[in-house]
Amino acid sequence: MQQLKKKQEHSFKYVFGPVPSRRLGRSLGISPIPRKTCNFTCIYCQLGRTTNFTNKRVDFFPSEAIVEEVQKALLITDQIDYVTIVGDGEPTLYAGLGSLINSLKKQTSFPIAVITNGALLYREDVRHDLLNADVILPTLDAPTEKLFRLINRPHKEINLKSIIEGMKQFREEYKGQFWVEVMLVKGKNDTPEILSKIKDIIDSIGFDKVFINVPIRPPAESWVKIPDPEVLLEAQKILSAESISLYETSDVTSIDKTAPPEQNIIEIAQRHPLREDQVYSLLETFYKNDVENLLLKMEKEGKIKSVIYNDRKFFIVPQK
Ligand code: SF4
């Protein structure tokens, strides 16, 4: 498959990928918000702590410009399963979301997915904006307000009760697929008691699928850990979740072989921490020089930073 040629003959500001997704296959990503704009600052967030902490919906970018980019991207790569609005933060904070989804539905034939923390589903305008998407994938990590505040650290205007009510309301209004994800953090929300309570809430909402996830990449808080394997298997049973066997996928994203290797590394590491072995496998087909030296040079120049997480080395782009 051809990949997107970023910043060369095409310049993509909002579109990335396609990236392999455990839940969505090959997904062409759209970020309609500025980096790390969110109404949560989750302890496990792979983007680090939220820098633009807000609960205000803003028309950050014109939806026409985003749709135009998607159309250009689809001329280059059409072997995808979903066009996914995901954002480097919370995409429902984009006030133009409804018009973006509606335009994408009119102008592409691919199903549209939205990955969200679900926090704004209590708002009628947000629920309305999402109605024409094909799959909505919210998160639900805690059954109590106390644990919700500990794990997701929401904006002060947000509480768990209104999120659950919003999800129930949306389930009644929405005809598409509604898939929930529970991010499990060792010692925080992985006990059978807590999981049973989360399951009760999930059942009361009526999701079509349940996924569990674990913080496989360096999280915002270094003390966040992945639950033990036997705990995960038990969690899968309690939550009636989809298989968890794919957590350690190579998860290598598409790259632009015509762009310098530094640019590829930075563009991917900006979206999520990049494992060392992934860098080697990404570059091996087109970069014949010494990758180790390239990484050392980039670290020295402050373009990337290495962190050890879960006994593995990852590269991140330092926050300015
Ligand atoms: S994990 Fe998602 S919801 Fe949580 S802080 Fe990061 S971007 Fe926001």
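Residues numbered from 1 in each chain as written. Predicted model: local features only at pLDDT ≥ 70, side-chain atom pairs only at ≥ 80, totals over all residues. Heavy atoms only, no water.

Draft legend 1. Here's a closer look at the nonpolar core. Of all hydrophobic cores here, the largest spans 77 residues; its most connected members are Ile85, Leu104, Leu130, Ile202 and Leu239. The contact partners of isoleucine 202, leaving out residues within four places of it in the chain, are Leu140, Val180, Val182, Phe207, Val210 and Leu239. Membership of the second largest hydrophobic core comes to 16 residues, among which are Leu274, Leu282, Tyr287 and Ile304. (Core = buried A, V, L, I, M, F, W, Y, C linked by side-chain atoms within 4.5 Å. Buried < 20%, exposed > 50% of the residue type's maximum accessible area, 1.4 Å probe, protein only. Contact = heavy atoms within 4.5 Å.)

Draft legend 2. Fine view of the environment of isoleucine 304. You can see isoleucine 304 is positioned in the loop between helix H10 (291–300) and strand E11 (305–309). Separated by 38 residues in sequence, isoleucine 304 and isoleucine 266 place their C-alpha atoms 7.3 Å apart. Not counting residues within four places of it along the chain, the set of residues in contact with isoleucine 304 comprises Ile265, Leu295, Met298, Glu299, Phe315, Ile316 and Pro318. (Helix = DSSP H or I, 4+ residues; strand = E, 2+ residues; numbered from the N terminus.)

Draft legend 3. Seen up close, the domain arrangement of the protein chain. We note that the domain assignment places domain 1 (15–253) and domain 2 (255–320) within the protein chain. Distance from the C-alpha centre of domain 1 to the C-alpha centre of domain 2: 26 Å. (Domains from an automatic or database assignment.)

Draft legend 4. Fine view of the sheet that holds E11. Overall, antiparallel pairing links the 3 strands, which are arranged E10-E12-E11 in an open sheet. Edge positions in the sheet fall to strand E10 (274–275) and E11, since each has one partner strand and no second. Strand direction decides the pairing type here: E11 and strand E12 (residues 312–316), joined by 5 bridges, are antiparallel. Among the inter-strand pairings, isoleucine 308 is bridged to a residue of E12, identified as lysine 313. (Pairing = 2+ DSSP bridges.)

Draft legend 5. A look at the site of the ligand. Close to the ligand lie Lys36, Cys38, Phe40, Thr41, Cys42, Tyr44, Cys45, Thr50, Gly89 and Asn117, which account for all nearby residues. Its residues assigned to classes, the shell around the ligand comprises 5 nonpolar, 4 polar and 1 charged. (Near = heavy atom within 4 Å. Nonpolar A, V, L, I, M, F, W, Y, C, P; charged D, E, K, R; others polar.)

Draft legend 6. Expanded view of the sheet that holds strand E9 (residues 209–213). Strands sit in the order E1-E2-E5-E6-E7-E8-E9 across an open sheet of 7 strands; the sheet is mixed. Each having just a single partner strand, strand E1 (15–21) and E9 make up the two edges of the open sheet. Each strand of the sheet is rotated relative to its neighbour by a mean of 25°, with strand direction disregarded. When strand E8 (residues 177–183) meets E9, the two strands line up parallel, connected through 5 bridges. Considered in E9, the bridge of glutamate 181 is made with phenylalanine 211. Relative to E9, helix H7 (residues 229–239) is tilted by about 160°, and along the sheet it contacts E8 and E9. (Axes fitted to C-alpha atoms, helices over the stretch in contact; angles between N-to-C directions.)

Draft legend 7. The arrangement of the confidence of the model for the protein chain in detail. Considering every residue of the protein chain, the mean pLDDT works out to 88; 92% of them sit at 70 or more. Note on residues 1–9: pLDDT under 50 across the span, and 38 contacts to partners over four residues away in sequence or across chains. Scored below 50 in pLDDT, residues 245–250 makes 12 contacts in the model with residues more than four places away or belonging to other chains. (pLDDT = per-residue confidence, 0-100.)

Draft legend 8. Here's a closer look at the pairing of E12. Relative to E12, E10 is paired through 2 bridges, and the arrangement is antiparallel. What sits directly across from arginine 275, in E12, is phenylalanine 314.

Draft legend 9. Highlighting the environment of leucine 24. The residue leucine 24 is located in the loop between E1 and strand E2 (25–30) in this model. Residue classification places leucine 24 among the buried residues on the basis of a relative accessible area of 3%. Once the C-alpha coordinates of leucine 24 and lysine 303 are considered, the two residues, 279 residues apart in sequence, prove to be 31 Å apart. Those residues within four positions of leucine 24 in sequence are excluded, and the remaining contacts are Asp81, Tyr82, Thr84, Ala113, Ile115, Leu137 and Trp179.

Draft legend 10. Local environment of the packing of aromatic side chains. Tallied over the entire structure, the rule returns 8 aromatic pairs. Measuring from centroid to centroid gives 4.6 Å for phenylalanine 170 and tyrosine 174, while their planes differ by 15°, and the two rings are stacked. When its relative accessible area of 0% is taken as the criterion, phenylalanine 170 is described as buried. When its relative accessible area of 2% is taken as the criterion, tyrosine 174 is described as buried. An angle of 50° between the planes, with centres 5.8 Å apart, marks the rings of tryptophan 179 and phenylalanine 211 as tilted. Taken together, the residues span a long stretch of sequence, with tryptophan 179 in strand E8 and phenylalanine 211 in strand E9 at a distance of 32 residues. Using a relative accessible area of 6% as the deciding quantity, one classes phenylalanine 211 as buried. (Phe/Tyr/Trp six-rings, centres within 6.5 Å; stacked < 30°, edge-to-face > 60°.)

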